[in-house]
Amino acid sequence: MATVFQTDYAWPDDSIERSVIEAAGHRLISGPSVPQPAEAIAELVARNDPEAIMTCWANVSAQAIGSPSRLRIVQRVGVGLDNIDVAAATGRGAWVANVPDYCVGEVADHAVALLLDWARGTVAFDREVKAGHWNPAAARLRRVSDLTVGIIGFGRIGRATARRIKAFGCRMLVNSRSAVADANVEPCTLPSLLASSDVVILHVPLGKDTHHLIGWAQLRQMKPGAFLINVSRGGLVDSEALLAALEEGRLSGAGLDVVEGEPHPPPALVERPDVIVTPHIAFSSEASLSELRRRSAEEVVRVLAGADPLFPCNSPKAYQ
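This section reports on the structure supplied with the text. This one's a predicted model, so the numbers in the text were calculated from it and none came from an experiment.

Helices and strands together make up the secondary structure of the protein, namely twelve helices and twelve strands. In terms of overall size, the protein behaves like a compact globule, its C-alpha atoms giving a radius of gyration of 21 Å where 320 residues would be expected to give roughly 20 Å. For the protein, the spread of C-alpha atoms along the three principal axes comes to 65 × 45 × 30 Å. Across the protein, every contact between residues at least 6 apart in sequence was considered, and the portion connecting residues at least 24 apart equals 63%.

Here you go:
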């Protein structure tokens, strides 16, 4: 019997994970549901000496990864790896795995929802009517089919977003590190995409090379009056630069499901009426969360049984 330590969880209980792990003959120990600081996580890991770590939002540091005597896997209950020291896990021979495709449809839907809200003013006019103002003459709305939409990142979610936007008849530009084989989009450079797009959607992971991918220089390159959508990671966008661009009127607004500094994002940014904000929920639906939790636990069980993970994110030295 192996011990699995779950650092945190963003749902009411750990019943799905527990059912999978205990059915395989292992023991699940769950930490607090709210993610704790990295130092506290390291202490909990050291105390429980697990063979597997599962983490949702909590930071799994090199210290945490270094303390277990028989660590086999660090499983991200999600997609992004910016809260796991992947190099530390690789160095000690432990797998890092994620579930990269559980919420593709949800995130793509959310990106399109933010685009439609900006174009058609649903949130803004809902607020106005609830405040007692009925003023259709104030509407300054957009025909969606006339828009040029730029998608930065063309992996699973970027492609799913493009499929949805195609139905509206928009012109679509794409900037991607990999080759783009889709006749419905136009590959282009990042500067060209920024200068030509009415809406820019970010679908890239956060890493050292993408931190503040959208900063002062990129915001100045964007088409005047454009709308920026971020449903990936807050650190992709320099919040100070975005706030300045909005204050100067360079952009007409932003749709943010993720914000640098969350869960305590800058009030000056998120309280603006031209910024639509949701609290990092683009991934969420009852179906996606059930799938995520089950598949994360199954991946842990798979590795504890001696098999390789289905979705490895590193090549541990012990397995090379």
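The subject of this paragraph is the pattern of salt bridges. In this structure the tally under the stated criterion is 17 salt bridges. A salt bridge links glutamate 248 to arginine 250; its shortest N-O distance comes to 2.9 Å. By relative accessible area, glutamate 248 is classed as exposed at 52%. The class for arginine 250 is partly exposed, based on a relative accessible area of 33%.

For the rest of this paragraph, the subject is the environment of glycine 253. Its location among the elements puts glycine 253 in strand 11 (residues 251–256). Separated by 50 residues in sequence, glycine 253 and valine 303 place their C-alpha atoms 45 Å apart. Leave out the neighbours within four places in its chain, and glycine 253 touches Ala226, Phe227, Leu228, Leu246 and Asp274.

Inspection of the secondary structure assignment puts aspartate 198 in the loop between helix 8 (190–196) and strand 9 (199–202). Taking relative accessible area as the criterion, aspartate 198 reaches 16% and is therefore assigned buried. In this structure the side chain of aspartate 198 is engaged in a polar contact, spanning 2.9 Å, whose partner is the side chain of lysine 223. Once you skip the residues sitting within four places of it in the chain, aspartate 198 turns out to touch Trp118, Asp146, Leu147, Thr148, Lys223, Ala226 and Phe227.

Ranked by internal contacts, the top residues of the largest apolar core, which has 50 residues, are Leu115, Leu147, Val149, Val199 and Ile229. Of all hydrophobic cores here, the second largest spans 27 residues; its members include Leu193, Val200, Leu228 and Ala254.

Looking now at the side chain of histidine 26. In this fold, histidine 26 is placed in the loop between helix 1 (15–23) and strand 2 (27–30). Of note is the side chain of histidine 26, whose polar atom sits 3.1 Å from the backbone nitrogen of alanine 2. Ignoring anything within four residues of it in the chain, the contact list for histidine 26 reads Met1, Ala2, Ile21, Val301 and Leu304.

Rules used in this analysis
- Residues numbered from 1 in each chain as written.
- Predicted model: local features only at pLDDT ≥ 70, side-chain atom pairs only at ≥ 80, totals over all residues.
- Heavy atoms only, no water.
- Helix = DSSP H or I, 4+ residues; strand = E, 2+ residues; numbered from the N terminus.
- Rg over C-alpha atoms; globule rule 2.2 N^0.38 Å.
- Contact = heavy atoms within 4.5 Å.
- Salt bridge = Lys/Arg side-chain N within 4 Å of Asp/Glu carboxyl O.
- Buried < 20%, exposed > 50% of the residue type's maximum accessible area, 1.4 Å probe, protein only.
- Polar contact = N/O pair within 3.5 Å; in protein donor to acceptor, adjacent residues only side chain to side chain.
- Core = buried A, V, L, I, M, F, W, Y, C linked by side-chain atoms within 4.5 Å.

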